[in-house]
Structure formats: C-alpha cells, structure tokens
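Here is what each chain is made of, one letter per residue.
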Amino acid sequence: MSAIAELLATCRGELDRVAPEDLAAEVAAGALVVDTRPSEQRQRDGALPGALVVDRNVLEWRLDPTSPDRLPEASSPELRVVVVCNEGYGSSLAAHSLRRLGLRRATDLVGGYQAWRHTRGGGLAPP
C-alpha cells in the first residue's frame with residue numbers, strides 16, 4: 001500500500017463521512033458545506049447549492065475558529081463542517097486537518113461532488 005493510501009485510510013477512519021443522499025439532512029441540521037473544488041471544476045460541473053466556496057490552500061486559516069483570518073461562518077469548534085472536493089479524496093485529508101485544528105465535527109462527503117451530482121443531490125437542487 002502506498003504512503004498516501006495509508007494516510008487516506010487513517011484519516012477516513014477518524015471521520016463519520018456523509019453519504020451524498022444524506023447531505024440535505026446535514027444541511028437541515030445546521031451543517032456548513034464547504035466546496036474546495038478549483039474554479040475550473042466548479043465552472044465545468046456546476047455549483048453546489050448553498051455551499052461556501054473556500055480555496056483548499058486557505059481552508060485551515062478560513063475555518064479555524066481561533067484564526068484572525070477566519071470567515072464569519074467559522075464561529076465555533078462545535079460547527080459541523082462537511083468538506084466537498086471533486087471525488088472525495090482531498091476532502092478526507094482536509095476534514096482530518098480541520099479536526100486537528102479543533103473542529104471535532106468536521107467530515108467530508110463520500111465520493112465528493114461527482115457522487116452528489118449522480119445521486120441527484122441528496123435532496124439539494126442539482127445545478
């Protein structure tokens with residue numbers, strides 16, 4: 001097994017990942033959905049309705065509740081954050097990183113945007 005595969009498995013083992021069909025329920029319960037896909041992917045495939053777009057390279061600074069550079073939405077370490085990337089790999093690493101910063105409820109979307117799109121958005125309106 002490659003080192004990245006081991007890291008990914010370790011990260012995912014600590015997350016309670018969200019299935020695409022359950023995303024709408026997470027949002028209804030107050031979760032903050034964060035889309036980290038590059039602009040090219042968002043332009044090509046469409047937006048994720050209601051998601052906060054945060055570039056991956058600044059994610060930790062924008063969501064760390066103790067950071068002076070945080071976004072207003074990142075107000076509490078109790079915040080439920082669901083990170084979404086294109087296919088659900090990078091988002092697992094990102095969610096794990098957010099947990100290490102104290103966002104204990106951070107997680108990601110299984111299969112990313114592509115899985116969400118193919119399941120008709122789990123109750124959210126697809127683009």
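Further up the page is the structure itself.
Because the structure is a prediction, the values reported are computed rather than measured.

Q: Describe the sheet that holds strand 2 (residues 52–53), naming the residues involved and giving the relevant values.
A: Hydrogen bonds along the backbone pair up the strands of a sheet, which may run parallel or antiparallel. With parallel pairing, the 4 strands of this open sheet are ordered in space as 2-1-3-4. Of all the strands in the sheet, the pair left with one neighbour each is strand 2 and strand 4 (107–108). As defined by bridge partners, strand 1 (residues 32–35) adjoins strand 3 (residues 81–84) across 4 bridges and the pair is classed as parallel. Opposite valine 33, over in strand 3, you have valine 82 as the bridge partner. Across the face of the sheet, helix 5 (residues 90–100) comes into contact with strand 3 and strand 4 while running at roughly 150 degrees to strand 3.

Q: Give me the lowdown on the packing of helix 1 (residues 3–13) against helix 5, citing residues and values where you can.
A: Closest axis-to-axis distance for the helix 1/helix 5 pair is 9 Å, and the angle between their directions is 55 degrees. Here helix 1 is positioned oblique relative to helix 5, judged by the angle of their axes. Between helix 1 and helix 5 lies a crossing whose hand is left-handed. Along the contact surface, helix 1 presents Ile4, Leu7, Leu8, Cys11 and Arg12, while helix 5 presents Ser92, Leu93 and His96. When its residues are assigned to classes, the contact of helix 1 with helix 5 shows 5 nonpolar, 2 polar and 1 charged.

Q: Explain helix 5 to me, using residue names and the numbers behind them.
A: For helix 5, the full list of buried residues reads Ser91, Ser92, Ala94, Ala95, His96 and Leu98. Tucked inside the fold, the buried residues of helix 5 contact helix 1, helix 4 (59–63), strand 3 and strand 4. Just past helix 5, the residue glycine 102 takes up positive phi, approximately 110 degrees.

How each quantity is defined
- Residues numbered from 1 in each chain as written.
- Predicted model: local features only at pLDDT ≥ 70, side-chain atom pairs only at ≥ 80, totals over all residues.
- Heavy atoms only, no water.
- Pairing = 2+ DSSP bridges.
- Helix = DSSP H or I, 4+ residues; strand = E, 2+ residues; numbered from the N terminus.
- Contact = heavy atoms within 4.5 Å.
- Axes fitted to C-alpha atoms, helices over the stretch in contact; angles between N-to-C directions.
- Parallel < 35°, antiparallel > 145°, perpendicular 65-115°, else oblique.
- Left-handed = near helix turned anticlockwise from the far one by under 90°.
- Nonpolar A, V, L, I, M, F, W, Y, C, P; charged D, E, K, R; others polar.
- Buried < 20%, exposed > 50% of the residue type's maximum accessible area, 1.4 Å probe, protein only.

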